[in-house]
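In case you want the letters, here they are:
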Amino acid sequence: MSDNGIKVRVFDMEHGLVEYENVKTIRIVSRDYNLLIMKDYLSVIGEIVGSVDIKGEDVDVTFKQIKAFYMNSKNVFNLMIEE
């Protein structure tokens, strides 16, 4: 993994595992909270009912109206999409 940002791993049943490197920000907008995750952010785990925006040097991806679980630890963000 590069020291330039966060590594993001997204898993869903339709596409399998997709990985993104050098991500600068991850914005989570869920029904109960809004969260912005950046490099060296505290470890966190939670559930999302809402959307996720992933932005970086080579990536700009949005997942809308999803139900998912996430974990961020040591600059690796894992997103498991249920719906």
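Relevant structure appears above.
Everything in this summary refers to the structure shown in the same document. Per chain, the residues get numbers from 1 upward, laid out in the order the sequence is written. At least 70 in pLDDT is required for a residue's local features to be given in this predicted model, at least 80 for side-chain atom pairs to be given and counted, and no such filter applies to totals for whole chains, interfaces and linings, which use all residues. In computing side-chain values, all of the structure's heavy atoms are included and hydrogens and water are not.

1. Looking at the overall build of the protein chain
Next, step 1: Each helix and strand in the protein chain was counted, giving zero helices and six strands.
Next, step 2: Segments assigned H or I by DSSP are reported as helices when at least four residues long, segments assigned E as strands when at least two residues long, and all are numbered from the N terminus. Reading the protein chain from its N end, one meets helices and strands in the order β-β-β-β-β-β.
Next, step 3: For the radius of gyration, the atom set is restricted to C-alpha positions; the globular benchmark scales as 2.2 Å times the number of residues to the power 0.38. Relative to the compact-globule value of 12 Å for 83 residues, the protein chain shows a C-alpha radius of gyration of 12 Å, a close match.
Next, step 4: Working definition: with a 1.4 Å probe on protein chains only, accessible area under 20% of the residue-type maximum means buried, over 50% means exposed, and in between means partly exposed. Looking at the protein chain as a whole, 39% of its 83 residues are labelled buried.
Next, step 5: Here, residues are in contact when the closest pair of their heavy atoms is within 4.5 Å. When contacts within the protein chain are restricted to residue pairs at least 6 apart in sequence, those whose partners lie at least 24 apart make up 41%.
Next, step 6: Here the protein chain has roughly 5200 Å² of accessible surface; of this, 51% comes from carbon and sulfur atoms. Note on areas: Shrake-Rupley, 1.4 Å probe, and residue coverage restricted to the protein chains presented here.

2. A closer look at the environment of Lys 64
Next, step 1: Locating Lys 64 in the fold gives a position in strand β5 (residues 60-73).
Next, step 2: The spacing of Lys 64 and Thr 25 is 39 residues in sequence and 16 Å in space, taken between C-alpha atoms.

3. Overview of the pairing of strand β6 (residues 76-81)
Next, step 1: Because side chains alternate across β6, one face comprises the buried residues Phe 77, Leu 79 and Ile 81, and the other comprises Val 76, Asn 78 and Met 80, none of which is buried.
Next, step 2: Relative to β6, strand β1 (residues 6-12) is paired through five bridges, and the arrangement is parallel. Counterpart to Lys 7 in the pairing with β6 is Val 76.
Next, step 3: By definition, two strands form a pair when at least two bridges between them are found by DSSP. In this structure, β5 lies alongside β6, joined through six bridges in antiparallel fashion. Following the sheet pairing, Tyr 70 is matched in β6 by Leu 79.
Next, step 4: What sits between the antiparallel neighbours β5 and β6 is a turn of two residues, in which Lys 74 has the positive phi angle 55 degrees.

4. Considering the environment of Val 76
Next, step 1: Along the chain, Val 76 falls in strand β6.
Next, step 2: Overall, the relative accessible area of 22% leaves Val 76 in the partly exposed class.
Next, step 3: A sequence separation of 70 residues divides Val 76 from Ile 6, and the C-alpha atoms of the two residues are 5.7 Å apart.

5. Examining the nonpolar core
Next, step 1: In terms of nonpolar packing, the biggest core is built from 21 residues, with Val 8, Ile 26, Ile 28, Phe 77 and Leu 79 touching the most fellow members.
Next, step 2: When residues of this core are assigned to their parent elements, the largest contribution, five residues, is made by β5.
Next, step 3: Non-local contacts of Val 8, meaning those with residues more than four positions away in its chain, are made with Val 18, Glu 19, Tyr 20, Val 23, Ile 26, Ile 54 and Phe 77. In plain words, nonpolar cores are sets of buried Ala, Val, Leu, Ile, Met, Phe, Trp, Tyr and Cys residues tied together by side-chain atoms within 4.5 Å.

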